[in-house]
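# Working through the structure, step by step
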Amino acid sequence: MSTSNPSPNDRRQHYLNAAYGLRSWLLTVDHKRIALLYLGSITFFFFIGGSFAVMIRMNLLTPDGSFLQAETYNKFFTMHGLVMIFFFLIPSIPAVLGNFLIPMMVGAKDLAFPRLNLLSWYLYIIGGVMALSAAALGGVDTGWTFYTPYSSTYSNGNVVIMGVGAFVAGFSSILTGLNFIVTIHKMRCPGLTWFRLPLFVWAMYATSVIQILGTPVIAITLLLLAAERIFHVGIFDPRIGGDPVLFQHFFWFYSHPAVYIMILPAMGVISELVATFSRKRIFGYNLVAFSSVAIAMLSFLVWGHHLFVSGQSIYAGLVFSVLSFMVAIPSAIKVFNWTATFYRGSISYDTPMMYCFGFIGLFTMGGVTGLLLASLAVDVHLHDTYFVIAHFHYIMVGGAVMGYLGGMHFWWPKITGRMYPEIWARFAAVIIFVGFNLTFFPQFMLGYLGMPRRYHAYPAEFQVLNVMSTAGASILGLGYLIPMIYFIWSMRYGKPAPPNPWGATGLEWRTPSPPPTENFEEIPVVTEEAYDFEALARRDAAALRNEGELQNG
Amino acid sequence: MSEPTHHEKSHGSQHIVPLKVYFAVFAALMVLTATTVCVAYVNLDWLNLPVALAIAITKATLVILFFMHVKYSGHMVKVYVVAGVLFLIIMIGITLSDYMTRGWISVPRGWQ
Amino acid sequence: MADHAAAAHAHTPGLRHHFVDMDQQRESARLGMWLFLLTEIMFFGGLFTGYAIYRFSYPEAWRLASHHLDVALGAINTGVLILSSLTMALAVRSAATGKKQLLILFLIATLVFGLVFLGIKAKEYHDKFEHHLIPGTTFEAEGPWAHQEMLFYCFYFAMTGMHALHMIIGMVGLLILIRMSMNNKFSPEYHPHIELFGLYWHFVDIVWIFLFPLLYLIGRHAA
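Residues numbered from 1 in each chain as written. Chains lettered and ligands numbered in written order. Predicted model: local features only at pLDDT ≥ 70, side-chain atom pairs only at ≥ 80, totals over all residues. Heavy atoms only, no water.

## Considerations on the overall build of chain C
Keep this limit in mind: Strands here are runs of E lasting at least two residues and helices are runs of H or I lasting at least four, both read from the DSSP assignment and numbered beginning at the N terminus. As defined in this context, the radius of gyration uses C-alpha atoms, and a globule is described by 2.2 Å times the residue total to the power 0.38.
Scanning chain C from N- to C-terminus turns up seven helices and zero strands. In sequence order, the secondary structure elements of chain C are arranged as α-α-α-α-α-α-α. At 22 Å, chain C has a C-alpha radius of gyration far larger than the 17 Å of a compact globule built from 223 residues. The dimensions of chain C, computed from C-alpha atoms along their principal axes, are 75 × 35 × 30 Å.

## Structural notes on the overall build of chain B
Let me state the cut-off plainly: Type-normalised accessible area, obtained with a 1.4 Å probe on protein chains alone, sets the label of each residue: buried when under 20%, exposed when over 50%, and partly exposed for intermediate values. Here, residues are in contact when the closest pair of their heavy atoms is within 4.5 Å. Shrake-Rupley sampling with a 1.4 Å probe provides the accessible areas, and residues are treated as covered by the protein chains on show and by no other component.
Within chain B, the regular secondary structure consists of three helices and zero strands. Across chain B, helices and strands are ordered from the amino to the carboxyl terminus as α-α-α. Burial statistics for chain B: of 112 residues in total, 43% are counted as buried. Considering only residue pairs separated by 6 or more positions, chain B has 61% of its internal contacts joining residues 24 or more positions apart. With an accessible surface of roughly 6200 Å², chain B has 73% of that area assigned to carbon and sulfur atoms.

## Re the interface of chain C and chain A
For clarity, the cut-off: Each of two parts loses accessible area, computed with a 1.4 Å probe, when they are put together; buried area is these two losses added. Salt bridge, as used here: a side-chain nitrogen of Lys or Arg that lies within 4 Å of a carboxyl oxygen of Asp or Glu. As used in this structure description, the phrase polar contact means that two N or O atoms lie within 3.5 Å; if the pair is within protein, one of them must be able to donate a hydrogen and the other to accept it, and residues adjacent in sequence are counted only when both atoms belong to side chains. Residues are grouped as follows: Ala, Val, Leu, Ile, Met, Phe, Trp, Tyr, Cys and Pro are nonpolar; Asp, Glu, Lys and Arg are charged; every other residue, Gly included, is polar.
The interface is formed by 33 residues belonging to chain C together with 36 residues belonging to chain A. Both sides together, the interface formed by chain C and chain A hides about 3000 Å², and carbon and sulfur atoms give 77% of it. The largest share of the area that chain C buries against chain A comes from His-18, Met-42 and Phe-43 of chain C, three residues that together contribute 19% of it. Where chain C packs against chain A, one counts one salt bridge. With a shortest N-O distance of 3.5 Å, Lys-186 of chain A and Glu-27 of chain C are connected by a salt bridge. At the surface where chain C touches chain A, the tally comes to nine residue pairs in polar contact (both at pLDDT 80 or more). Within the residue set of the side of chain C that touches chain A, elements represented by two or more residues are helix 2 (22–57) and helix 6 (146–182) of chain C. Its residues assigned to classes, the side of chain C that touches chain A shows 19 nonpolar, 12 polar and two charged.

## Section: the interface of chain B and chain C
Taken together, the contacts link 49 residues of chain B with 52 residues of chain C. At the boundary of chain B with chain C, total buried surface from both sides reaches about 4600 Å², with 78% on carbon and sulfur atoms. Between chain B and chain C we count zero salt bridges in total. In this assembly, chain B and chain C are joined by three residue pairs in polar contact (both at pLDDT 80 or more). For the side of chain B that touches chain C, the secondary-structure elements that each account for two or more residues are helix 1 (19–40), helix 2 (48–67) and helix 3 (75–100) of chain B. For the side of chain B that touches chain C, the leading source of residues is helix 3 of chain B, giving 12 residues. Per-class residue counts for the side of chain B that touches chain C are 34 nonpolar, 12 polar and three charged.

## Remarks on a nonpolar patch on the surface
Keep this limit in mind: What makes a patch is a set of residues exposed beyond 30% relative accessible area and free of salt bridges, joined within 9 Å when like-charged and within 5 Å when nonpolar (Val, Leu, Ile, Met, Phe, Trp, Tyr).
Residues Ile-314, Tyr-315, Leu-318 and Val-319 of chain A together with Trp-104 and Ile-105 of chain B make up a contiguous nonpolar surface patch of about 540 Å² in total accessible area. By the secondary structure assignment, Ile-314 of chain A is in helix 10 (residues 314–342). Owing to a relative accessible area of 34%, Ile-314 of chain A belongs among the partly exposed residues under this scheme.

## Remarks on the domain arrangement of chain B
Rule in force here: Per the annotation, domain bounds derive from an automatic or database assignment of domains.
The assigned domain composition of chain B is domain 1 (18–68) and domain 2 (74–101). With centres defined by C-alpha atoms, the gap from domain 1 of chain B to domain 2 of chain B works out at 21 Å.

## Some thoughts on the confidence of the model for chain B
Detailed reading of the predicted coordinates is not advisable wherever pLDDT is low. Selection rule: Along the chain, pLDDT gives the predictor's confidence residue by residue, from 0 to 100.
With 81% of its residues at a pLDDT of 70 or more, chain B shows a mean pLDDT of 85. Confidence drops under a pLDDT of 50 for residues 1–12 of chain B, and excluding neighbours within four residues, the segment shows 36 contacts in the predicted structure.

## A few points about the packing of helix 6 of chain C against helix 7 (residues 192–216) of chain C
Residue and element names in this part refer to chain C. Going by this rule: Lines fitted to C-alpha atoms define the axes here, with helix axes fitted over just the stretch in contact, and angles between the N-to-C directions of these axes take values from 0 to 180 degrees. To sort the angles, those under 35 degrees are grouped as roughly parallel, those over 145 as roughly antiparallel, those from 65 to 115 as roughly perpendicular, and the leftovers as oblique. Note on convention: the crossing is left-handed when the near helix lies turned anticlockwise from the far helix by less than a right angle, right-handed when the turn is clockwise.
Look at helix 6 against helix 7: their axes get within 10 Å of each other, and the N-to-C directions meet at 160°. What the angle tells us is that helix 6 and helix 7 run roughly antiparallel. Here helix 6 and helix 7 pass one another in a crossing that is left-handed. Residue classes in the contact of helix 6 with helix 7 are distributed as 19 nonpolar, seven polar and no charged.

## Description of the nonpolar core
Rules: Each nonpolar core is a collection of buried residues, namely Ala, Val, Leu, Ile, Met, Phe, Trp, Tyr and Cys, held together in the definition by side-chain atoms within 4.5 Å.
Within the largest apolar cluster, 300 residues are counted, with the highest numbers of intra-cluster contacts made by Phe-146 and Phe-359 of chain A. It is helix 8 (residues 244–278) of chain A that provides the largest number of residues to this core, a total of 23 residues. Per-domain counts for this core show at least three residues from each of domain 1 (18–68) and domain 2 (74–101) of chain B. For Phe-359 of chain A, the contacting residues outside a window of four places in its chain are Ile-263, Ala-266, Met-267, Ile-270, Trp-338, Thr-364, Gly-398, Gly-399, Ala-400, Met-402 and Gly-403 of chain A.

## Concerning empty space enclosed by the protein
All names here are of chain A. Definition in use: Here a cavity denotes grid points, spaced 1 Å and computed from the protein atoms alone, that fit a 1.4 Å probe unable to get out, and a pocket denotes an open set having protein on both sides within 12 Å along at least 5 of 7 lines; residues with an atom within 4 Å of a point are the lining. Grid points are joined across faces, edges and corners, and a volume is the space filled by probe spheres set on the points.
Overall, the coordinates contain six cavities of 30 Å³ or more when judged by the stated rule. Taken as a whole, the largest cavity encloses approximately 170 Å³ of empty space. Lining the largest cavity are 18 residues, with Thr-505, Gly-506, Leu-507, Glu-529 and Ala-530 positioned closest to its centre. In the lining of the largest cavity, the residues fall into nine nonpolar, three polar and six charged. Taken as a whole, the second largest cavity spans an internal volume of roughly 90 Å³. Taken together, Tyr-38, Phe-86, Ile-90, Pro-91, Pro-94, Ala-95, Tyr-124, Ala-169, Ser-172, Ser-173, Thr-176 and Gln-211 make up the full set of residues lining the second largest cavity.

## Observations regarding the packing of helix 11 (residues 351–374) of chain A against helix 14 (residues 422–449) of chain A
Residues and elements named next belong to chain A. Running from N to C, helix 11 and helix 14 cross one another at 10°; their axes reach a closest spacing of 9 Å. One way to sum up the angle between helix 11 and helix 14 is to call them roughly parallel. Side by side, helix 11 and helix 14 meet where Thr-351, Met-354, Tyr-355, Gly-358, Leu-362, Met-365 and Thr-369 of the first sit next to Glu-422, Ala-425, Arg-426, Ala-428, Ala-429, Val-430, Ile-432, Phe-433, Phe-436, Asn-437, Phe-441 and Phe-444 of the second. For the contact of helix 11 with helix 14, a count of residues per class yields 13 nonpolar, four polar and two charged.

## Some thoughts on the side chain of Thr-369 of chain A
Residue and element names in this part refer to chain A. Among the structural elements, Thr-369 can be located in helix 11. On the basis of relative accessible area, Thr-369 is assigned to the buried category, the value being 10%. Within the structure, the side chain of Thr-369 is placed 3.0 Å from the backbone oxygen of Met-365, a separation counted as a polar contact.

## Concerning the packing of aromatic side chains
This is how it is decided: Classification of ring pairs rests on two measures: the distance between centres of Phe, Tyr or Trp rings, Trp counted by its six-membered ring, which must be within 6.5 Å, and the angle between planes, read as stacked under 30 degrees, edge-to-face over 60 and tilted in between. In this analysis the charged atom, NZ for Lys or CZ for Arg, is taken to sit over a ring once it is within 6 Å of the ring centre and within 35 degrees of the ring normal.
This structure, assessed with the given rule, holds 78 aromatic pairs over all chains. Looking at Arg-33 of chain A, its charged tip hangs above the ring of Trp-25 of chain A, at a distance of 4.1 Å from the centre. Sitting over the face of the ring of Tyr-99 of chain B, Arg-102 of chain B holds its NZ or CZ atom 4.1 Å from the ring centroid.

## Things to note about the environment of Ala-377 of chain A
Residue and element names in this part refer to chain A. Tracing the backbone through its elements, the reader meets Ala-377 in helix 12 (residues 376–382). Assessed through its relative accessible area of 64%, Ala-377 is described here as exposed. Between the alpha carbons of Ala-377 and Ser-321 there is a distance of 9.8 Å; along the sequence they are 56 residues apart.

## Some words on the pattern of salt bridges
All names here are of chain A. Tallied over the full model, the rule gives 17 salt bridges over all chains. For the salt bridge of Asp-350 with Arg-426, the shortest nitrogen-to-oxygen distance reads 3.8 Å. A residue pair is termed long-range when its members are at least 10 positions apart, and Asp-350 in the loop between helix 10 and helix 11 and Arg-426 in helix 14 qualify at 76 residues. For Asp-350, a relative accessible area of 18% corresponds to the buried category. Here Arg-426 makes a salt bridge to Glu-422, at a shortest N to O gap of 2.8 Å.

## Notes on helix 4 (residues 114–136) of chain A
Residue and element names in this part refer to chain A. Note the following rule: For a helix, the expected span equals 1.5 Å multiplied by the number of residues minus one.
Under the 1.5 Å per step criterion, the end-to-end length of helix 4 is 33 Å for 23 residues, consistent within 8% with the ideal 33 Å. Inspection of helix 4 places Pro-114, Asn-117, Leu-118, Ser-120, Trp-121, Leu-123, Tyr-124, Gly-127, Gly-128, Ala-131 and Ala-134 among the buried residues, and these make up the whole buried set. Contacts made by the buried residues of helix 4 are with helix 1 (22–26), helix 2 (31–59), helix 3 (70–105) and helix 6 (158–186). Once helix 4 ends, the next one or two residues include Gly-138, with phi positive near 130°.

In structure tokens:
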């Protein structure tokens, strides 16, 4: 089945041509169509958030920061963070690739709760509209962290709109996670045991657990913040004995695990890419699978490393520091197992693999600098400097966005039924890698030299590094535009994609590209381990033989 | 973790709990409510809070096991109920540990 | 396989297209509801954490402020809510045994007990208003812990308010269920709405089981 080649003018029914018109999209309960709704909306928010970043980098070209006023600058970096985190990174891989792939990877017709899935998208849109209206009404200037008492007492009232927007978007994230967990538990096709699942599914499972357990805490926190703002009295108010540091505890109880909501799915994508383009089973499958779960669990024990200089007790600082180091263990297990998979693999350098290499390098840089920040004493020096900015951009942009783009290229033929232009794609991958490093590596140096974050002006001696960073940002921005253009181009003009263009294992490659509405012509039965490329070769050979016999006989 | 896929008949249809179980649980909950009120008026020094919490936890456990049928549910439900409680304890416990230890190590004089 | 599934779909009312059979659908719905309750635990958990921090920080203020609450009303409300939990459990049982009249009766009873609870709660809120115990500029308390007592009342209103909101949502759910039961929407084989709503209702009960001693019964022996 995996070798049958559809001719370009094949009029086969699939999920894209099953129905037409706006209604068929806005009221769809097909997980694949909902994934495309998300794809459109998160791309929109990515470019909104990106344009805020452009303004920030423009302003930092000159030491006096004359491009923007200080207040405007504060609003731009706040909106950049909020839009990118809540409306791009958190939904990116889960809501687009997860939505599209999880039912297919487990051999199901849809997610367990299709209508809930559509509701999640609408909640996301409502949250997004609120965020944009907060921006249009004058913006929020608290930083994406909403720290009290500034947010609750002194800043402008848009904090409430923005907070409720993030609250609503949070429910979208919760419901998506809930849907995934139930689907992975209850909808697996016959023969698909836990240890035959693709590692992407394991990663998404771990992510969903974080979404379920962490997001409600930010929900109640933002609600309490909004109440404090509206009623002028609340539980974080120091005037009545409230403790603003408690807000930071609550905020980071969610927001630190949220970092893993962003990176774990990317790790799942990378596991798929490493196996497929090395044509080898992942080295230490079980360890990679369990390390996802371990990261999810540990992520809830480390939030206090954001509070090292906030007045938290020194004892708590020590404990959080030690626990933070422990996250390095499962993360390193993953990196070592990926690189061990490369060993004696037959590696091909298709575009997804280039993003994969980019991810592994950049994530390692981000992770190792994270260890510096987790050290209590070092963090006192580096806290709230550009070192932190560079660190988390290496994780979120170098890690999560690279993983997302790698995954988009990998599954694009499956999603649209069309190939993208390979030359352009490799070119863009290189541009993005170069632009990224030029943007953020100088920020490590700036931070180490002591440039604080969130200031619109800086001493003149930092200018060279800042100009490098801004130059890198323009290259990076260009790098993001190229895939945007050729993806859209390929939807019409791209070469039609066969069911399994990469020779990958996994159930999603056993169905035509693009898949039919209910994913499979008949419910598949799994008889082999994950990433069993020999079984795939045997099946392909058998299919070829069958075809030959049919033609001859 | 390796439960059979798709066909899990064991817990499919609803378990019918005998009526007397429900009434016994109800009676126990009422008695425990009365107890917690009475105990609150007795001076147990620092033990008042632990006792009140222990009674509340007992009541909650009864509701979860019998009214919510967890006793008769599959192991996944049990795992998730325990996980929920565990993460609640982590959140309360670790946050509280910060506040309880704020006085343990004083900040060096030069910083104040 | 496909034939079997198609046959099952044709003969089973309420089975949605993407499930293989009723068992799978039921188990999925159940797990989904439990996961939702997990998020509820963490949602209320934030409030409970804040409560724990401040009770630890200001034990005296908590004791003084708690004494303005009416233990009798709180205890009665606890009983009412437990009673409503019993009737809800019996409603689920009646649905599973196919006793339609009893099902409707128990759902109505649950609704009535829920209303009684909210009525008593409203009376308590009204008393707090009369006694100037609403946090804000009109809050009146004396002594060295006056400010922190206001903090207690922030928690009191946030926690009981959030609980009451869940009760109100539950009332709406009950009305819908009663209507559906009257329209013969349920059978002993198919009544997921009743069962899952029951879980929700019991969860709301459990929250109150903790709220009652934590808010009303602080240091009563020292009054």
